[in-house]
Amino acid sequence: MTWWRRAQDTALALAVWLLDTALFSTAGADLGAARGGRSALVIAGYVALGAVALIWRRRAPVAVFAWLWLHAVIGSVFVAGYLPTLPLMVAVYTVGAHLSRRRAWLIAPALVPYGVLAANGAWLEPPSRQAATFVGLLLAFSLLVGGVWALGRWAGANRRRLAAAEQQRVASAHAAVAAERARISRELHDIVAHTVTVMMLQASGAGRIMATRPEQARAALTQIEELGGQAMAELRRMLAVLAADGPAEPAAQPGLGDLDDLLGRMRSAGMPVDLVVEGEPRQLDPSVGLAAYRTVQEALTNIAKHKGGDVPAVVRLVWADELLVKVTDTGAVELLPRSPLSTGHGLLGLRERVAVAGGRLDAGPTGDGGFQVSAALPAQATRGGRIPVGGAR
């Protein structure tokens, strides 16, 4: 909008020229006199020399102020019939609006031409009133210049405050977008890593028993198809959030009530996994339930990827002041080469998810060749009573 501001300043310069000529000079009276046309043109031309500088007042406020100060000093001393007022006042306003408070000293030189005008006005008074007239006029001009600067300072502070608020709004919007993208990234990792790992385990098992047990192999292939369909549905829902035509329809997030399905898929893929529940289950906030579910999902997926799909595992839920979710593999086996499906960020994303839910995550070896992932989550009871947690085995 630079052109629009330039147009505004051009219109302001024209208005200041007309008003300063009409209100603070004798140009109008000179035009009415028989021989005053030349004097009026001189005054109008001199006023225009100052007013035209206002076109650049935003880009160079100090330079414009300096030019208009010099213009006002010369006009108050040498241009008869002219009291330079509006151009310098606009320059003072601009300095207040666009410069820092450290430039407030510019008010002092702005008073110089008005000091000349005050001296001229006092000179016309009787000697007994000259001092009082000078002081009174100088005080009035000081209040005028200071008030104009303060008005510009107030307007500039409001403009800067609004600009800062807009920048904060934009930064908050960007932060919200980044947070949402991080959330979607974690969801996509959980969906793809777990589902594809189970599908690979099922496919591997089906390939081994295809010749000897075709019915079981066919069942494994059917489950692979179902898992692929579920993964595609989840991916479509996630990608819809990123679509330009609007957010995705809300969908229920998994929680501890879905552990049976999760453990059933892992068992059908060949992983011996047991569920142990200690304490009295309680209703959880959706974010906490999702974090607990994802902890179990990520831990079992990592066992399958890094140690193999037939390594025994135990999922333990301990209900106390906190909900403690522990997933431990009990097989002291040699680690497999790093899976090409591994992104290396699974536990990092899980730790962030657990932290957002108000908990903490620990992961490390157990000392006997196994590995344990443990999450401590807030377990304050909410309305709704008990919830299904899955059958312990």
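Note that the structure is predicted; figures quoted are calculated from it, not measured. (Residues numbered from 1 in each chain as written. Predicted model: local features only at pLDDT ≥ 70, side-chain atom pairs only at ≥ 80, totals over all residues. Heavy atoms only, no water.)

(A) Broad picture of the packing of helix α4 (residues 61-78) against helix α5 (residues 86-98). Across the interface, α4 lies against α5 with an axial gap of 9 Å and an inter-helix angle of 155°. Here α4 is positioned roughly antiparallel relative to α5, judged by the angle of their axes. Once α4 is placed against α5, the crossing between them reads as left-handed. Where α4 abuts α5, its residues P61, F65, L68, W69 and A72 lie against P87, L88, A91, V92, T94, V95 and H98. The residue inventory of the contact of α4 with α5, partitioned by class, reads 10 nonpolar, two polar and no charged. (Axes fitted to C-alpha atoms, helices over the stretch in contact; angles between N-to-C directions. Helix = DSSP H or I, 4+ residues; strand = E, 2+ residues; numbered from the N terminus. Parallel < 35°, antiparallel > 145°, perpendicular 65-115°, else oblique. Left-handed = near helix turned anticlockwise from the far one by under 90°. Contact = heavy atoms within 4.5 Å. Nonpolar A, V, L, I, M, F, W, Y, C, P; charged D, E, K, R; others polar.)

(B) Representation of the pairing of strand β3 (residues 322-329). Pairing analysis gives seven bridges linking strand β2 (residues 313-319) to β3, with the strands arranged antiparallel. Bridge pairing links V315 to V327 in β3. Adjacent in sequence and paired antiparallel, β2 and β3 are bridged by two residues. Two elements, β3 and strand β5 (residues 371-378), share eight bridges in a ladder whose sense is antiparallel. Paired with L324 across the bridge in β5 is A376. (Pairing = 2+ DSSP bridges.)

(C) Representation of the side chain of S25 in the model. Checked against the element boundaries, S25 lands in the loop between α1 (2-23) and α2 (27-32). Of note is the side chain of S25, whose polar atom sits 2.3 Å from the backbone oxygen of T21. Once you skip the residues sitting within four places of it in the chain, S25 turns out to touch D20, I43, G81 and Y82. (Polar contact = N/O pair within 3.5 Å; in protein donor to acceptor, adjacent residues only side chain to side chain.)

(D) Quick peek at the packing of aromatic side chains. Evaluation of the coordinates by the stated rule reveals one aromatic pair. Ring centres 6.2 Å apart and planes at 75° place the aromatic pair Y46 and Y82 in the edge-to-face group. On the criterion of sequence distance, the pair formed by Y46 in helix α3 (residues 37-51) and Y82 in the loop between α4 and α5 is long-range, its members being 36 residues apart. We classify Y46 as buried; its relative accessible area is 14%. (Phe/Tyr/Trp six-rings, centres within 6.5 Å; stacked < 30°, edge-to-face > 60°. Buried < 20%, exposed > 50% of the residue type's maximum accessible area, 1.4 Å probe, protein only.)

(E) Region of the structure containing the sheet that holds β2. The five strands are arranged β1-β2-β3-β5-β4 in an open sheet whose pairing can be described as mixed. Strands with a single pairing partner mark the edges of an open sheet, and in this sheet they are β1 (273-278) and β4 (360-365). Between one strand and the next, the sheet's axes are offset by a mean angle of 10°, whatever the strand orientation. Inspection of the sheet shows β4 paired to β5 by six bridges, in the antiparallel sense. The residue of β5 that forms the bridge with R360 is A376. With respect to the sheet, helix α9 (residues 259-268) is in contact with β1 and β2, its orientation differing from that of β1 by roughly 155°.

(F) Layout of the nonpolar core. V296, L300 and L323 are the most contacted members of the largest nonpolar core, which totals 38 residues. Those elements that place two or more of their residues in this core are α7 (127-209), α9, β1, α10 (286-306), β2, β3, α11 (346-356) and β5. The biggest single contributor to this core is α10, with nine residues. With residues near it in sequence (within four places) discarded, L300 still touches L263, M266, M271, V273, A313, V315 and V327. By size, the runner-up hydrophobic cluster in this structure holds 24 residues, among which are L54, L68, V90 and L117. (Core = buried A, V, L, I, M, F, W, Y, C linked by side-chain atoms within 4.5 Å.)

(G) Here's a closer look at the pattern of salt bridges. Going through the model one piece at a time under the given rule, you end up with five salt bridges. Across the salt bridge formed by R57 and D9, the nearest N and O atoms sit 3.1 Å from each other. Taken as a pair, R57 in the loop between α3 and α4 and D9 in helix α1 lie far apart in primary sequence, 48 residues in all. Taken as a pair, R57 and D9 share a single burial class, namely buried. The salt bridge involving R316 is made with E278; its shortest N-O contact spans 2.7 Å. With R316 in strand β2 and E278 in strand β1, this pair connects stretches of sequence that are 38 residues apart. (Salt bridge = Lys/Arg side-chain N within 4 Å of Asp/Glu carboxyl O.)

(H) Layout of a nonpolar patch on the surface. Together, L49, W67, L70, I74, V77 and F78 line one region of the surface with nonpolar side chains, adding up to about 590 Å² of accessible area. Here the nonpolar patch takes five residues from α4, the largest share from any one element. With respect to the helices, strands and loops of the structure, I74 is situated in helix α4. Residue classification places I74 among the partly exposed positions, given a relative accessible area of 33%. (Patch = residues over 30% accessible without salt bridge, like charges linked within 9 Å, V, L, I, M, F, W, Y side chains within 5 Å. Areas by Shrake-Rupley, 256 points an atom, 1.4 Å probe, with all protein chains shown as cover.)

(I) Main features of the side chain of R265. Position of R265 relative to the elements: it lies in helix α9. Although R265 is buried, it makes no salt bridge; D261 carries the closest opposite charge, 5.6 Å away. A distance of 3.4 Å separates the side chain of R265 from the side chain of Y293, its partner in a polar contact. (Lys, Arg positive; Asp, Glu negative; His and termini not counted.)

(J) Representation of the environment of E125 in the model. Position of E125 among the secondary structure elements: in the loop between α6 (107-123) and α7. The contact partners of E125, leaving out residues within four places of it in the chain, are Q130 and T133.

(K) Spatial organisation of α9. For α9, the set of buried residues is L259, L262, L263, R265 and M266. Looking down the long axis of α9, one finds its buried residues gathered within 155° of arc, a one-sided arrangement. G270 occupies a position one or two residues after α9 and carries a positive phi of about 110°. (Arc of directions from axis to C-beta.)

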